[in-house]
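Analysis of the macromolecular model
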Amino acid sequence: SMLTDGPIARLLPSGKDVGGRRDRQAPCMNRPADDTHTVKEDPMKPPRTAVTLVALACLLLFSAVDALAAAPKAAFDPDKMADMSDFDPNNPVIPTGDTIKIAVVASFSGPAAVVGQIYFISVQWAAHDINKRGGIMVDGKRKKIEVIKANHASTPAETKKVAERMVLQEKVHVLWGTDGSHLMKVINQVADKYKVIAHDTAALSDELYDETSFTRYSFMSSFSTEQIGRAAAYHYGKIRKKEKKFYILGQDYLFGHSLADGFKKGLKEYYPEAELLGEDYHPLFMKDFAPYLQKIKASPTEVIFTGDWIPDAENLLVQARQMGVTLPFANIFLDEPNMLHRVGVDGTTGLVHVSQYGSEGGFFKTPGQIKAYKAWNTLWKTKWAAPYNTRLYEHGTGNIGSYIQQTYWLLSVIERAGSTDPEKIIKVWESDSYQLLNGKVLTMRACDHKVIQDLHVEEYVGPAKQRESFNIAPYFWYEGTSNVGPTVMIPAKSVLPKMDRGLARCKDKSEAGE
């Protein structure tokens, strides 16, 4: 059923179940066929031109939905995974010579150094697997994957410098990144200038792919800010239907503002009776959140919406609980396990997490998913040393799971392109679709290189209730903190990624990309 149910459920005239969901019958399916032998018009019926227009509209609707609902063009197959028992992120096996080179452009130093660690283990895991299988056949040769760390130190100037060095000196084929939309913008500019592929897995601002910033050499395989904001609003307005008073607190740069705009749009769209009581933006790597939290504490706010990522995420949550602010945070990055354990079960219960790698009805649905999970988790338990032996790396799911699977998609595209030639990679990736380990399908919208996908909203609950998500022994994610419990799917059709009609490539396209 996972293969037949893409990111948007196929609409069948029979109204049969597809992928476990009941499909509504489209109204245009009930219209009688136009009788081509009848010459005289019936004044009680709509004119023939109107019927024709309706028919055309229906055809366009079904072609767009069918294109998204079709079986994916490729999929991750856990049964083909190599023996990963020798994988060690502290002692990675890095091939040399004639390789496919991926530069992980990220913060490997400074306050966000942990983010670089997360990215590296994610990319290296996928590369190690593919390399142990023998590599990928490209340009007539079987080549292995070489992963190179490229430290941008969280600054635009260093990002430009290191990205150009990766292209001109290291001769990389892909620039993979990164933490910070303002830094991904620089990476995309370098990719465009030197005609190499940029793979955006973690910088989420929609503006990166608008009329002024779009480059055909960059592909965004993650969710994006407007999708995230609208998904959160959809959850509160269409599913939860309880809290109505919201406050936005975000990071004061492109991503923070873009995410807030998405949430505000979603509230107008899906929860018009909600109230936005205020919005504040703080500098990156903030130490003292007290001034912001005092304002919120003095207001009748019921939910705080934030996109803060670590280390800001940890400082925000810890200080909020220390100040007696017990409100739930609707978030995307308040999921770092070490931070959650520092706050404890009570302080993390009720967090609402928008996920691009969630799964409703239990996380483990197939033997292959369990096999892949245990391959990672066993190594964490028995082999890995610091920094990879902390709770952050215990499960290999969540954002780490997403980064791993996005990398497998990149490698699948290169394999199917049969080349490291950017033009051949672009040709395959535009309109491509890929099924992840968890059964989700990502579809690359061709005109602006953004991904169409279902999203999930996860409620954090205590250990005893986590079995609703962690549905294999020991039936909890963590004992010392709340974590994922009840999970609902937000359908892709309700959170299609933002499209800039000013971008000529998208001018005449539907939001589904048709």
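Residues numbered from 1 in each chain as written. Predicted model: local features only at pLDDT ≥ 70, side-chain atom pairs only at ≥ 80, totals over all residues. Heavy atoms only, no water.

This part takes up the overall build of the chain. Along its length, the chain carries 12 helices and 20 strands. Summarising the internal contacts of the chain: among those between residues at least 6 apart in sequence, 71% fall at separations of at least 24. When the accessible surface of the chain is split by element, carbon and sulfur atoms take 54% of a total near 21000 Å². (Helix = DSSP H or I, 4+ residues; strand = E, 2+ residues; numbered from the N terminus. Contact = heavy atoms within 4.5 Å. Areas by Shrake-Rupley, 256 points an atom, 1.4 Å probe, with all protein chains shown as cover.)

Take the packing of aromatic side chains next. Inspection of every chain in the model, using the stated rule, returns 27 aromatic pairs. Geometrically, the ring pair formed by F364 and Y373 is edge-to-face, given 5.1 Å between the ring centres and 65° between the ring planes. A cation over an aromatic ring shows up here: R216 above the ring of Y217, its NZ or CZ 5.5 Å from the ring centre. If you follow R467 out to its NZ or CZ, it ends over the ring of Y475, 4.3 Å from the centre. (Phe/Tyr/Trp six-rings, centres within 6.5 Å; stacked < 30°, edge-to-face > 60°. Lys NZ or Arg CZ within 6 Å of the ring centre and 35° of its normal.)

All right, on to the packing of helix α3 (residues 156-168) against helix α4 (residues 181-194) then. Packed helices, taken two at a time, are described by the angle between their axes plus the distance between the axes. Where α3 meets α4, the axes come as close as 9 Å, and the angle between the chain directions of the two elements is 35°. The hand of the α3/α4 crossing is right-handed. Across the interface between the two elements, P156, T159, K160, A163, E164, V167 and L168 of α3 pack against H182, L183, V186, I187, V190, K193 and Y194 of α4. Among the residues making up the contact of α3 with α4, the classes are represented as 9 nonpolar, 2 polar and 3 charged. (Axes fitted to C-alpha atoms, helices over the stretch in contact; angles between N-to-C directions. Left-handed = near helix turned anticlockwise from the far one by under 90°. Nonpolar A, V, L, I, M, F, W, Y, C, P; charged D, E, K, R; others polar.)

Attention now moves to the sheet that holds strand β17 (residues 441-445). Spatially, β3-β16-β17-β18 is the arrangement adopted by the 4 strands of the open sheet, whose pairing is mixed. Edge positions in the sheet fall to β3 (74-75) and β18 (450-452), since each of these pairs with one other strand and no more. (Pairing = 2+ DSSP bridges.)

The next point concerns the pattern of salt bridges. In this structure the tally under the stated criterion is 19 salt bridges. Between E243 and R240 there is a salt bridge, and its shortest N-O distance comes to 2.7 Å. Taking relative accessible area as the criterion, E243 reaches 14% and is therefore assigned buried. A salt bridge links K245 to E275; its shortest N-O distance comes to 2.8 Å. Here E275 lies in strand β12 (residues 275-282) and K245 lies in strand β11 (residues 245-251), a separation of 30 residues in the sequence. Residue K245 is classed as partly exposed on the basis of its relative accessible area of 25%. One continuous salt-bridge network, built from bridges that share partners, spans D98, K141 and K143. (Salt bridge = Lys/Arg side-chain N within 4 Å of Asp/Glu carboxyl O. Buried < 20%, exposed > 50% of the residue type's maximum accessible area, 1.4 Å probe, protein only.)

Here we come to the state of the cysteines. One covalent bond between the sulfur atoms of two cysteine residues makes up a disulfide. Inspection of every chain in the model, using the stated rule, returns 1 disulfide. Each sulfur of the disulfide joining C447 and C506 lies 2.1 Å from the other. Residues C447 and C506 share a disulfide whose torsion about the S-S bond is about 100°; that sign makes it right-handed. One end of the pair, C447, is in the loop between β17 and β18; the other, C506, is in the segment after β20 (483-490), and 59 residues separate them in sequence. For C447, a relative accessible area of 4% translates into the label buried. We classify C506 as buried; its relative accessible area is 0%. (Disulfide = S-S within 2.5 Å.)

A few words now on the packing of helix α5 (residues 225-240) against helix α6 (residues 254-270). Between α5 and α6, the least distance of the axes is 7 Å, while the angle of their chain directions is 35°. Along this stretch, α5 crosses α6, giving a crossing that reads as right-handed. Contacts between α5 and α6 involve T225, E226, I228, G229, R230, A232, A233, Y234, G237 and K238 from the first element and F255, S258, L259, G262, F263, K265, G266, L267, E269 and Y270 from the second. Of the residues belonging to the contact of α5 with α6, the class tally is 9 nonpolar, 6 polar and 5 charged.

With 121 residues, the main nonpolar core has Y119, W125, I145, I332, W384, Y408 and W429 as its most contacted residues. Leave out the neighbours within four places in its chain, and Y119 touches V104, A106, W176, T178, D179, A202 and Y403. Listed in part, the 25 residues of the second largest apolar core include A103, M166, L175 and M220. (Core = buried A, V, L, I, M, F, W, Y, C linked by side-chain atoms within 4.5 Å.)

Extensive coverage of strand β4 (residues 100-106) is indicated by the burial of 7 of its 7 residues. The two faces of β4 match: I100, I102, V104 and A106 on one face and K101, A103 and V105 on the other face are all buried. Summarising the sheet, β4 and strand β7 (residues 145-151) pair through 7 bridges and their orientation is parallel. Bridging from a neighbouring strand, I100 pairs with I145 of β7. Bridge analysis of β4 against strand β8 (residues 174-177) gives 3 bridges, and the strand direction is parallel. Across the sheet, V104 pairs through a bridge with W176, a residue of β8.

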